[in-house]
Amino acid sequence: MRSDTPPTHRVTSFEVAERAGVNQSTVSRALSGDPSITEQTRERVRDAADALGYRVDARAARLRSGKTRTIAIVVIARPGMDATEINPFHYNLLGSTCAAASAMGYQALVSFQSEPEHFDRDFIETRQADGIVLLGTSTNDAAWEYHHPILSRSDVASWGSPFTDHERVDSDNRAGARLAVERLLASGHRHIAFIGDTSETQKQFRERFESYGEVMREHGLEAGPPVWEPAALRVDQGRKSAAALIASGRVFDSIFCSCDAMAFGVLEALQDDGMAVPGDVGVIGFDGLGSGAHSNPPLTTVEPDFRNAGVLLAQKALGQKTADDADRVPVRLVERESVRSPGEQ
(Lines give C-alpha, C1' and ligand atoms only; values in the text may rest on other atoms or scores of the structure.)
Protein backbone atom coordinates (compact mmCIF):
# COMPACT_ATOMS: atom_id res chain seq x y z
CA MET A 1 0.00 0.00 0.00
CA ARG A 2 1.06 3.57 -0.64
CA SER A 3 1.41 5.85 2.33
CA ASP A 4 0.77 9.59 2.26
CA THR A 5 3.40 10.08 4.96
CA PRO A 6 6.61 11.37 3.33
CA PRO A 7 9.54 8.98 3.84
CA THR A 8 12.42 10.01 6.05
CA HIS A 9 15.11 8.88 3.57
CA ARG A 10 16.22 10.69 0.44
CA VAL A 11 13.50 10.14 -2.13
CA THR A 12 14.48 8.91 -5.60
CA SER A 13 12.86 9.51 -8.95
CA PHE A 14 11.98 5.79 -9.06
CA GLU A 15 9.73 6.23 -6.00
CA VAL A 16 8.07 9.24 -7.63
CA ALA A 17 7.52 7.18 -10.77
CA GLU A 18 5.91 4.37 -8.76
CA ARG A 19 3.57 6.76 -6.95
CA ALA A 20 2.61 8.56 -10.17
CA GLY A 21 2.23 5.34 -12.14
CA VAL A 22 4.74 6.28 -14.84
CA ASN A 23 8.24 5.31 -15.95
CA GLN A 24 11.30 6.83 -14.22
CA SER A 25 12.34 8.52 -17.48
CA THR A 26 8.93 10.20 -17.61
CA VAL A 27 9.57 11.73 -14.18
CA SER A 28 12.81 13.33 -15.37
CA ARG A 29 11.25 14.67 -18.54
CA ALA A 30 8.12 15.93 -16.78
CA LEU A 31 10.03 17.86 -14.14
CA SER A 32 12.47 19.35 -16.69
CA GLY A 33 9.64 20.80 -18.78
CA ASP A 34 9.91 18.42 -21.74
CA PRO A 35 7.08 19.47 -24.11
CA SER A 36 6.48 15.83 -25.15
CA ILE A 37 4.89 15.17 -21.74
CA THR A 38 1.18 15.97 -21.52
CA GLU A 39 0.04 18.49 -18.94
CA GLN A 40 -2.08 15.81 -17.25
CA THR A 41 0.94 13.52 -16.78
CA ARG A 42 3.14 16.43 -15.74
CA GLU A 43 0.63 17.40 -13.03
CA ARG A 44 0.43 13.82 -11.77
CA VAL A 45 4.24 13.65 -11.50
CA ARG A 46 4.40 17.01 -9.70
CA ASP A 47 1.74 15.91 -7.21
CA ALA A 48 3.67 12.71 -6.50
CA ALA A 49 6.96 14.59 -6.12
CA ASP A 50 5.37 17.10 -3.72
CA ALA A 51 3.73 14.39 -1.64
CA LEU A 52 7.04 12.54 -1.25
CA GLY A 53 9.14 15.66 -0.76
CA TYR A 54 11.22 14.90 -3.88
CA ARG A 55 13.58 17.58 -5.17
CA VAL A 56 15.48 17.48 -8.44
CA ASP A 57 19.27 17.13 -7.99
CA ALA A 58 20.26 20.33 -9.80
CA ARG A 59 23.93 19.40 -9.89
CA ALA A 60 23.23 16.05 -11.51
CA ALA A 61 20.88 17.69 -13.99
CA ARG A 62 23.58 20.18 -14.95
CA LEU A 63 26.12 17.40 -15.41
CA ARG A 64 23.72 15.51 -17.67
CA SER A 65 23.09 18.63 -19.76
CA GLY A 66 26.77 19.49 -20.04
CA LYS A 67 26.06 22.99 -18.66
CA THR A 68 26.91 24.30 -15.21
CA ARG A 69 24.43 27.21 -15.35
CA THR A 70 27.16 29.20 -13.61
CA ILE A 71 29.19 32.22 -14.70
CA ALA A 72 32.60 32.89 -13.13
CA ILE A 73 33.35 36.54 -12.33
CA VAL A 74 37.01 37.32 -11.66
CA VAL A 75 37.64 40.63 -9.88
CA ILE A 76 41.28 41.69 -10.26
CA ALA A 77 42.51 43.78 -7.34
CA ARG A 78 45.74 45.63 -6.72
CA PRO A 79 48.53 43.51 -5.25
CA GLY A 80 48.56 43.73 -1.48
CA MET A 81 44.92 44.82 -1.26
CA ASP A 82 42.02 42.71 -0.11
CA ALA A 83 38.44 42.68 -1.33
CA THR A 84 37.36 45.50 1.00
CA GLU A 85 39.72 47.92 -0.75
CA ILE A 86 38.53 47.40 -4.32
CA ASN A 87 37.38 50.44 -6.29
CA PRO A 88 33.61 50.88 -5.70
CA PHE A 89 33.21 51.19 -9.49
CA HIS A 90 34.19 47.54 -9.86
CA TYR A 91 31.74 46.54 -7.13
CA ASN A 92 29.02 48.28 -9.15
CA LEU A 93 30.01 46.21 -12.18
CA LEU A 94 30.18 43.05 -10.09
CA GLY A 95 26.69 43.61 -8.70
CA SER A 96 25.16 44.39 -12.07
CA THR A 97 26.81 41.35 -13.68
CA CYS A 98 25.57 39.06 -10.88
CA ALA A 99 22.06 40.48 -11.33
CA ALA A 100 22.20 40.00 -15.10
CA ALA A 101 23.40 36.42 -14.72
CA SER A 102 20.61 35.67 -12.25
CA ALA A 103 18.00 37.08 -14.62
CA MET A 104 19.38 34.74 -17.31
CA GLY A 105 19.05 31.74 -14.99
CA TYR A 106 22.70 31.51 -13.98
CA GLN A 107 24.49 31.46 -10.65
CA ALA A 108 27.62 33.58 -10.12
CA LEU A 109 30.93 32.22 -8.88
CA VAL A 110 33.03 35.21 -7.73
CA SER A 111 36.82 35.03 -7.44
CA PHE A 112 38.92 37.93 -6.10
CA GLN A 113 42.46 37.72 -7.48
CA SER A 114 45.37 39.96 -6.52
CA GLU A 115 48.43 37.78 -5.89
CA PRO A 116 49.88 35.02 -8.14
CA GLU A 117 48.88 32.32 -5.66
CA HIS A 118 45.24 33.37 -6.18
CA PHE A 119 45.31 33.33 -9.98
CA ASP A 120 42.89 30.90 -11.67
CA ARG A 121 41.48 30.92 -15.20
CA ASP A 122 40.41 27.27 -15.65
CA PHE A 123 36.81 27.61 -14.52
CA ILE A 124 35.41 26.30 -17.80
CA GLU A 125 37.94 23.47 -18.21
CA THR A 126 37.16 22.24 -14.70
CA ARG A 127 33.42 22.52 -15.37
CA GLN A 128 32.83 25.13 -12.71
CA ALA A 129 31.37 27.66 -15.15
CA ASP A 130 30.07 28.15 -18.69
CA GLY A 131 31.63 31.59 -19.13
CA ILE A 132 34.05 34.00 -17.49
CA VAL A 133 33.87 37.75 -16.83
CA LEU A 134 37.09 39.55 -15.88
CA LEU A 135 36.98 43.03 -14.42
CA GLY A 136 39.05 45.18 -12.09
CA THR A 137 42.08 47.39 -11.94
CA SER A 138 44.22 47.57 -15.08
CA THR A 139 47.32 48.20 -12.96
CA ASN A 140 47.83 44.59 -11.80
CA ASP A 141 50.16 43.63 -14.66
CA ALA A 142 50.86 40.10 -13.40
CA ALA A 143 47.15 39.24 -13.13
CA TRP A 144 46.27 40.52 -16.57
CA GLU A 145 49.31 38.83 -18.15
CA TYR A 146 48.13 35.57 -16.59
CA HIS A 147 44.65 35.98 -18.05
CA HIS A 148 45.81 37.42 -21.40
CA PRO A 149 45.69 34.04 -23.24
CA ILE A 150 41.94 33.67 -22.66
CA LEU A 151 40.81 37.25 -23.34
CA SER A 152 40.06 36.64 -27.03
CA ARG A 153 37.86 33.61 -26.40
CA SER A 154 34.13 33.74 -27.13
CA ASP A 155 33.30 32.53 -23.61
CA VAL A 156 35.25 35.34 -21.89
CA ALA A 157 34.26 39.00 -21.41
CA SER A 158 36.36 41.73 -19.84
CA TRP A 159 36.15 45.26 -18.48
CA GLY A 160 39.34 47.11 -17.59
CA SER A 161 41.85 45.01 -19.51
CA PRO A 162 45.05 46.94 -20.36
CA PHE A 163 45.36 45.09 -23.69
CA THR A 164 44.05 46.31 -27.05
CA ASP A 165 44.29 43.03 -28.99
CA HIS A 166 40.84 41.73 -28.05
CA GLU A 167 37.22 42.86 -27.86
CA ARG A 168 36.24 44.64 -24.65
CA VAL A 169 33.06 45.78 -22.99
CA ASP A 170 33.50 49.42 -21.98
CA SER A 171 31.71 52.71 -21.40
CA ASP A 172 31.05 54.99 -24.33
CA ASN A 173 34.11 57.00 -23.33
CA ARG A 174 34.02 59.44 -26.22
CA ALA A 175 30.35 60.29 -25.77
CA GLY A 176 30.88 60.67 -22.03
CA ALA A 177 33.83 63.04 -22.45
CA ARG A 178 31.78 65.11 -24.87
CA LEU A 179 29.00 65.42 -22.30
CA ALA A 180 31.50 66.55 -19.66
CA VAL A 181 33.32 69.13 -21.77
CA GLU A 182 30.16 70.59 -23.27
CA ARG A 183 28.70 70.91 -19.78
CA LEU A 184 31.75 72.91 -18.66
CA LEU A 185 31.57 75.07 -21.78
CA ALA A 186 27.88 75.75 -21.08
CA SER A 187 28.92 77.25 -17.73
CA GLY A 188 31.30 79.65 -19.42
CA HIS A 189 34.53 77.74 -18.84
CA ARG A 190 37.10 78.11 -21.60
CA HIS A 191 40.37 76.92 -20.05
CA ILE A 192 39.56 73.28 -19.37
CA ALA A 193 42.34 71.00 -18.17
CA PHE A 194 42.28 67.20 -18.42
CA ILE A 195 43.68 65.04 -15.61
CA GLY A 196 44.37 61.38 -16.28
CA ASP A 197 46.81 58.72 -17.40
CA THR A 198 46.65 58.37 -21.21
CA SER A 199 49.33 55.68 -21.57
CA GLU A 200 48.82 52.67 -23.85
CA THR A 201 47.48 50.53 -21.00
CA GLN A 202 44.74 53.04 -20.13
CA LYS A 203 42.64 52.86 -23.28
CA GLN A 204 39.51 54.22 -21.62
CA PHE A 205 41.31 57.32 -20.29
CA ARG A 206 43.00 57.89 -23.64
CA GLU A 207 39.64 57.80 -25.44
CA ARG A 208 38.24 60.34 -22.97
CA PHE A 209 41.23 62.63 -23.52
CA GLU A 210 40.96 62.38 -27.32
CA SER A 211 37.27 63.27 -27.22
CA TYR A 212 38.01 66.17 -24.85
CA GLY A 213 40.47 67.52 -27.44
CA GLU A 214 38.00 67.13 -30.28
CA VAL A 215 35.28 69.10 -28.48
CA MET A 216 37.70 71.87 -27.50
CA ARG A 217 38.93 72.26 -31.08
CA GLU A 218 35.34 72.28 -32.39
CA HIS A 219 34.81 75.38 -30.23
CA GLY A 220 38.04 77.01 -31.37
CA LEU A 221 39.71 76.45 -28.00
CA GLU A 222 43.09 75.05 -27.08
CA ALA A 223 43.20 71.56 -25.62
CA GLY A 224 46.20 71.34 -23.34
CA PRO A 225 48.23 68.18 -22.73
CA PRO A 226 46.96 65.70 -20.13
CA VAL A 227 48.13 66.22 -16.57
CA TRP A 228 48.97 63.13 -14.54
CA GLU A 229 51.26 62.30 -11.65
CA PRO A 230 51.76 58.65 -10.65
CA ALA A 231 50.71 57.30 -7.24
CA ALA A 232 49.47 53.99 -5.87
CA LEU A 233 45.86 55.15 -5.44
CA ARG A 234 43.62 57.07 -7.85
CA VAL A 235 42.74 59.63 -5.17
CA ASP A 236 46.43 60.36 -4.63
CA GLN A 237 46.98 60.56 -8.38
CA GLY A 238 44.28 63.22 -8.59
CA ARG A 239 45.66 65.14 -5.62
CA LYS A 240 49.24 65.13 -6.95
CA SER A 241 48.15 65.90 -10.51
CA ALA A 242 46.10 68.90 -9.42
CA ALA A 243 49.03 70.16 -7.34
CA ALA A 244 51.30 69.83 -10.38
CA LEU A 245 48.78 71.70 -12.54
CA ILE A 246 48.62 74.55 -10.03
CA ALA A 247 52.41 74.69 -9.68
CA SER A 248 52.89 74.78 -13.47
CA GLY A 249 51.32 78.23 -13.76
CA ARG A 250 49.05 77.01 -16.54
CA VAL A 251 45.81 78.96 -16.80
CA PHE A 252 42.74 76.84 -16.07
CA ASP A 253 39.21 77.50 -14.88
CA SER A 254 37.90 73.94 -14.85
CA ILE A 255 39.08 70.34 -14.79
CA PHE A 256 37.72 67.23 -16.46
CA CYS A 257 38.99 64.20 -14.50
CA SER A 258 39.29 60.84 -16.21
CA CYS A 259 37.66 59.09 -13.23
CA ASP A 260 35.76 59.99 -10.07
CA ALA A 261 38.42 58.67 -7.70
CA MET A 262 40.94 61.11 -9.19
CA ALA A 263 38.36 63.86 -9.00
CA PHE A 264 38.04 63.38 -5.24
CA GLY A 265 41.78 64.02 -4.90
CA VAL A 266 41.52 67.03 -7.20
CA LEU A 267 38.80 68.57 -5.02
CA GLU A 268 41.03 68.20 -1.96
CA ALA A 269 44.03 69.78 -3.69
CA LEU A 270 42.03 72.74 -4.98
CA GLN A 271 40.58 73.42 -1.56
CA ASP A 272 44.01 73.11 0.06
CA ASP A 273 45.19 75.83 -2.34
CA GLY A 274 42.28 78.09 -1.45
CA MET A 275 40.35 77.64 -4.70
CA ALA A 276 36.56 77.44 -4.44
CA VAL A 277 34.62 74.76 -6.31
CA PRO A 278 32.59 75.57 -8.34
CA GLY A 279 33.13 79.33 -7.87
CA ASP A 280 36.74 79.44 -9.07
CA VAL A 281 37.10 76.05 -10.73
CA GLY A 282 34.52 73.63 -12.10
CA VAL A 283 35.21 69.90 -11.75
CA ILE A 284 33.63 66.92 -13.50
CA GLY A 285 34.51 63.25 -13.01
CA PHE A 286 33.70 60.02 -14.83
CA ASP A 287 32.36 56.71 -13.43
CA GLY A 288 29.21 57.65 -11.53
CA LEU A 289 30.39 56.56 -8.10
CA GLY A 290 27.63 56.95 -5.52
CA SER A 291 30.17 58.36 -3.05
CA GLY A 292 30.40 61.42 -5.28
CA ALA A 293 27.09 62.57 -3.79
CA HIS A 294 28.91 62.98 -0.46
CA SER A 295 32.13 64.67 -1.61
CA ASN A 296 32.74 68.35 -0.87
CA PRO A 297 31.14 69.69 -2.98
CA PRO A 298 29.06 66.82 -4.42
CA LEU A 299 30.71 65.75 -7.68
CA THR A 300 29.15 66.19 -11.10
CA THR A 301 30.03 63.05 -13.05
CA VAL A 302 29.48 60.95 -16.16
CA GLU A 303 27.79 57.69 -15.20
CA PRO A 304 27.68 54.52 -17.32
CA ASP A 305 24.51 52.46 -17.39
CA PHE A 306 25.65 49.78 -14.92
CA ARG A 307 22.63 47.57 -15.56
CA ASN A 308 23.36 47.58 -19.29
CA ALA A 309 27.05 46.92 -18.56
CA GLY A 310 26.20 43.83 -16.51
CA VAL A 311 23.92 42.50 -19.24
CA LEU A 312 26.57 42.99 -21.94
CA LEU A 313 29.28 41.32 -19.85
CA ALA A 314 27.09 38.31 -19.05
CA GLN A 315 25.85 37.98 -22.64
CA LYS A 316 29.38 38.18 -24.03
CA ALA A 317 30.73 35.58 -21.58
CA LEU A 318 27.87 33.20 -22.39
CA GLY A 319 28.35 33.55 -26.14
CA GLN A 320 25.10 35.40 -26.70
CA LYS A 321 26.68 38.61 -27.95
CA THR A 322 30.01 39.89 -29.22
CA ALA A 323 31.69 42.89 -27.61
CA ASP A 324 32.64 45.53 -30.14
CA ASP A 325 32.57 49.28 -30.53
CA ALA A 326 28.87 49.17 -31.41
CA ASP A 327 28.14 47.71 -27.98
CA ARG A 328 29.61 50.47 -25.83
CA VAL A 329 27.70 51.04 -22.62
CA PRO A 330 25.66 54.27 -22.81
CA VAL A 331 26.41 57.07 -20.36
CA ARG A 332 24.60 60.03 -18.83
CA LEU A 333 25.60 63.20 -17.02
CA VAL A 334 24.78 63.24 -13.29
CA GLU A 335 24.37 66.87 -12.19
CA ARG A 336 25.60 67.75 -8.71
CA GLU A 337 27.30 70.85 -7.33
CA SER A 338 30.91 70.85 -8.53
CA VAL A 339 30.00 72.81 -11.68
CA ARG A 340 28.06 76.06 -11.62
CA SER A 341 24.75 76.30 -13.46
CA PRO A 342 24.80 77.26 -17.15
CA GLY A 343 24.83 81.02 -17.50
CA GLU A 344 26.06 81.51 -13.92
CA GLN A 345 29.41 83.27 -14.29
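In the block above lies the structure referred to throughout.
Residues numbered from 1 in each chain as written. Predicted model: local features only at pLDDT ≥ 70, side-chain atom pairs only at ≥ 80, totals over all residues. Heavy atoms only, no water.

Visitor: Can you help me understand the overall build of the chain in this one?
Guide: The number of helices and strands found in the chain is 11 helices and nine strands. Relative to the 2.2 N^0.38 estimate, which gives 20 Å for 345 residues, the radius of gyration of the chain is 26 Å and therefore markedly larger than a compact globule would have. Taking all 345 residues of the chain together, 49% fall into the buried category. When contacts within the chain are restricted to residue pairs at least 6 apart in sequence, long-range pairs at least 24 apart make up 70% of them. Of the accessible surface of the chain, which amounts to about 16,000 Å², a share of 50% is contributed by carbon and sulfur atoms. Within the chain, one finds 37 positive and 49 negative side-chain charges whose respective centroids are separated by 7 Å. (Helix = DSSP H or I, 4+ residues; strand = E, 2+ residues; numbered from the N terminus. Rg over C-alpha atoms; globule rule 2.2 N^0.38 Å. Buried < 20%, exposed > 50% of the residue type's maximum accessible area, 1.4 Å probe, protein only. Contact = heavy atoms within 4.5 Å. Areas by Shrake-Rupley, 256 points an atom, 1.4 Å probe, with all protein chains shown as cover. Lys, Arg positive; Asp, Glu negative; His and termini not counted. Charge placed at Lys NZ, Arg CZ, Asp CG, Glu CD.)

Visitor: So what exactly am I meant to see when it comes to the pairing of strand E2 (residues 107-113) here?
Guide: Walk down a regular strand and you will see the side chains alternate between the two sheet faces. Here strand E1 (residues 70-76) runs beside E2; their pairing, made up of seven bridges, is parallel. The partner of Val-75 across the bridge, within E2, is Phe-112. Handedness of the E1-helix H5 (residues 88-103)-E2 crossover: right-handed. (Pairing = 2+ DSSP bridges. Right-handed = clockwise from strand over helix to strand, strands pointing away.)

Visitor: How do you make sense of the packing of aromatic side chains when you look at a structure like this?
Guide: Centre distance and the angle of the planes are the two values used to describe a pair of aromatic rings. Under the defined criterion, the tally for this structure stands at eight aromatic pairs. For the pair Tyr-91 and Phe-112, a centre-to-centre distance of 6.3 Å together with 55° between the ring planes defines the contact as tilted. Of this pair, Tyr-91 sits in helix H5 while Phe-112 sits in strand E2, placing them 21 residues apart in sequence. Where Phe-119 meets Tyr-146, the ring centres are 5.4 Å apart and the plane angle is 40°; that geometry is what we call tilted. Of this pair, Phe-119 sits in the loop between E2 and strand E3 (131-136) while Tyr-146 sits in helix H6 (residues 141-147), and the two are 27 residues apart along the sequence. In this structure Phe-119 comes out as buried when scored by relative accessible area, which is 14%. Taking relative accessible area as the criterion, Tyr-146 reaches 25% and is therefore assigned partly exposed. (Phe/Tyr/Trp six-rings, centres within 6.5 Å; stacked < 30°, edge-to-face > 60°.)

Visitor: Would you take a moment to explain the packing of H5 against helix H11 (residues 306-317) for this structure?
Guide: As a packed pair, H5 and H11 sit with axes 7 Å apart at the nearest point and diverge in direction by 60°. With respect to each other, H5 and H11 are oriented oblique. H5 and H11 meet at a crossing whose hand is right-handed. Contact residues: H5 offers Phe-89, Asn-92, Leu-93, Ser-96, Thr-97, Ala-100 and Ala-101, while H11 offers Phe-306, Arg-307, Ala-309, Gly-310, Val-311, Leu-313 and Ala-314. For the contact of H5 with H11, the residue count by class is nine nonpolar, four polar and one charged. (Axes fitted to C-alpha atoms, helices over the stretch in contact; angles between N-to-C directions. Parallel < 35°, antiparallel > 145°, perpendicular 65-115°, else oblique. Left-handed = near helix turned anticlockwise from the far one by under 90°. Nonpolar A, V, L, I, M, F, W, Y, C, P; charged D, E, K, R; others polar.)

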